[in-house]
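Single-letter residue listing:
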Amino acid sequence: MSISINLLIEDELHLNVLTRVLNSFQQKYTINRIFGKKGKNFIKDNLRAYNQAASISPYLVLVDLDRGECPLIIIKNWFTFTKSDNLLFRIAVREAEAWLLSDRDNFASFMGVSRDKIDLNPENIPDPKEYIINLARKSRKRKIKEDLVPEGKASVGRNFNTCLSDFVLNHWDIKNAKMASKSLERLVIALNNFDYRRN
């Protein structure tokens with residue numbers, strides 16, 4: 001019998017990444033309900049309530065580390081209460097976009113750039129989102145540039161999440177990616193070891 005798990009996430013990219021990861025476990029998980037998609041601060045402000053809800057139904061929470069923070073500091077500052085055993089809390093270093101960059105060969109092919117242009121240690125990139133936009137500027141594919149490179153005062157291209165979600169759902173190799181991303185590997189290990197405790 002599969003574990004029906006709820007997701008608490010920052011955005012659409014997180015949803016697609018976790019969907020792919022959970023599907024890689026074959027029949028172990030099914031996604032029940034999806035919460036959040038309102039950014040990191042929403043998760044921080046409502047974490048206690050979702051932690052309590054995890055006593056009834058399990059939750060998987062994903063947030064980006066972003067700049068200038070340490071995962072242990074986030075955990076210490078956010079969990080001022082006892083974490084439920086049924087709440088899996090994972091942090092993408094530094095952003096979920098780094099997990100895509102970790103699948104170096106496939107991402108280079110998708111982006112239309114040489115694999116040599118992609119950092120061997122994507123978790124050390126200060127701003128993976130900006131890094132991907134700069135890769136797009138060098139792309140051989142016009143559509144990649146149109147989708148990812150921002151215009152005017154925009155911070156990302158008009159189809160940034162849609163484009164990257166296409167990569168996640170159709171091209172991303174999780175086994176390759178977790179070899180270059182410790183935080184992704186830790187997520188996979190946590191899901192592999194998770195055993196829902198019904199109260």
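Look up: the structure comes first, before these words.
Keep in mind that this is a model prediction, so the values were computed, not measured. (Residues numbered from 1 in each chain as written. Predicted model: local features only at pLDDT ≥ 70, side-chain atom pairs only at ≥ 80, totals over all residues. Heavy atoms only, no water.)

1. A few points about the packing of aromatic side chains
In this structure the tally under the stated criterion is 9 aromatic pairs. Ring centres of Phe-35 and Tyr-59 lie 5.7 Å apart, and the angle between their planes is 35 degrees; on these two criteria the pair is classed as tilted. Residue Phe-35 is found in strand S2 (residues 29-36), and its partner Tyr-59 is found in strand S3 (residues 59-64); the two are separated by 24 residues along the sequence. Residue Phe-35 shares its accessibility class with Tyr-59, and that shared class is buried. (Phe/Tyr/Trp six-rings, centres within 6.5 Å; stacked < 30°, edge-to-face > 60°. Helix = DSSP H or I, 4+ residues; strand = E, 2+ residues; numbered from the N terminus. Buried < 20%, exposed > 50% of the residue type's maximum accessible area, 1.4 Å probe, protein only.)

2. Here's the deal with the pattern of salt bridges
When the charged atoms of two side chains lie near each other, side chains of opposite charge can form a pair. Inspection of the entire model under this criterion finds 10 salt bridges. Between Asp-66 and Lys-40 there is a salt bridge whose closest N-O contact spans 3.3 Å. Here Lys-40 lies in helix H2 (residues 40-53) and Asp-66 lies in the loop between S3 and helix H3 (71-78), a separation of 26 residues in the sequence. A salt bridge links Glu-146 to Arg-142; the nearest nitrogen and oxygen atoms lie 3.6 Å apart. Of this pair, Glu-146 and Arg-142 both sit in helix H7 (residues 142-148), 4 residues apart, roughly one helical turn. Take Glu-146: its relative accessible area is 33%, and that puts it in the partly exposed class. Classification of Arg-142 by relative accessible area gives exposed; the value is 67%. (Salt bridge = Lys/Arg side-chain N within 4 Å of Asp/Glu carboxyl O.)

3. Observations concerning the pairing of S3
Each regular strand displays side chains that alternate between the two surfaces of the sheet. Counting buried positions along S3 yields 6 of 6 residues, so the element is predominantly enclosed. Covered by surrounding structure in S3 are Tyr-59, Val-61 and Val-63 together with Leu-60, Leu-62 and Asp-64, the residues of both alternating faces. Where strand S1 (residues 3-9) and S3 come together, 3 bridges link them in parallel fashion. When the bridges of S3 are listed, Asn-6 appears paired with Tyr-59. The pairing of S3 with strand S4 (residues 87-92) spans 6 bridges and is classified as parallel. Its bridge partner lying in S4, Leu-60 is registered against Leu-88. (Pairing = 2+ DSSP bridges.)

4. Quick notes on the sheet that holds S4
One open sheet accounts for 4 strands, arranged S2-S1-S3-S4; its pairing is parallel. Edge positions in the sheet fall to S2 and S4, since each has one partner strand and no second. Neighbour-to-neighbour, the strand axes of this sheet turn through a mean angle of 25 degrees, independent of strand direction. Where S1 meets S2, 6 bridges bridge the pair, whose relative direction is parallel. Counted as the bridge partner of Ile-3 is Tyr-29 from S2. Docked against the sheet, helix H1 (residues 12-23) engages S1, S2 and S3, running at close to 155 degrees with respect to S1. Each of S3 and S4 is contacted by H3, which is oriented at about 140 degrees to S4, the strand it contacts most. (Axes fitted to C-alpha atoms, helices over the stretch in contact; angles between N-to-C directions. Contact = heavy atoms within 4.5 Å.)

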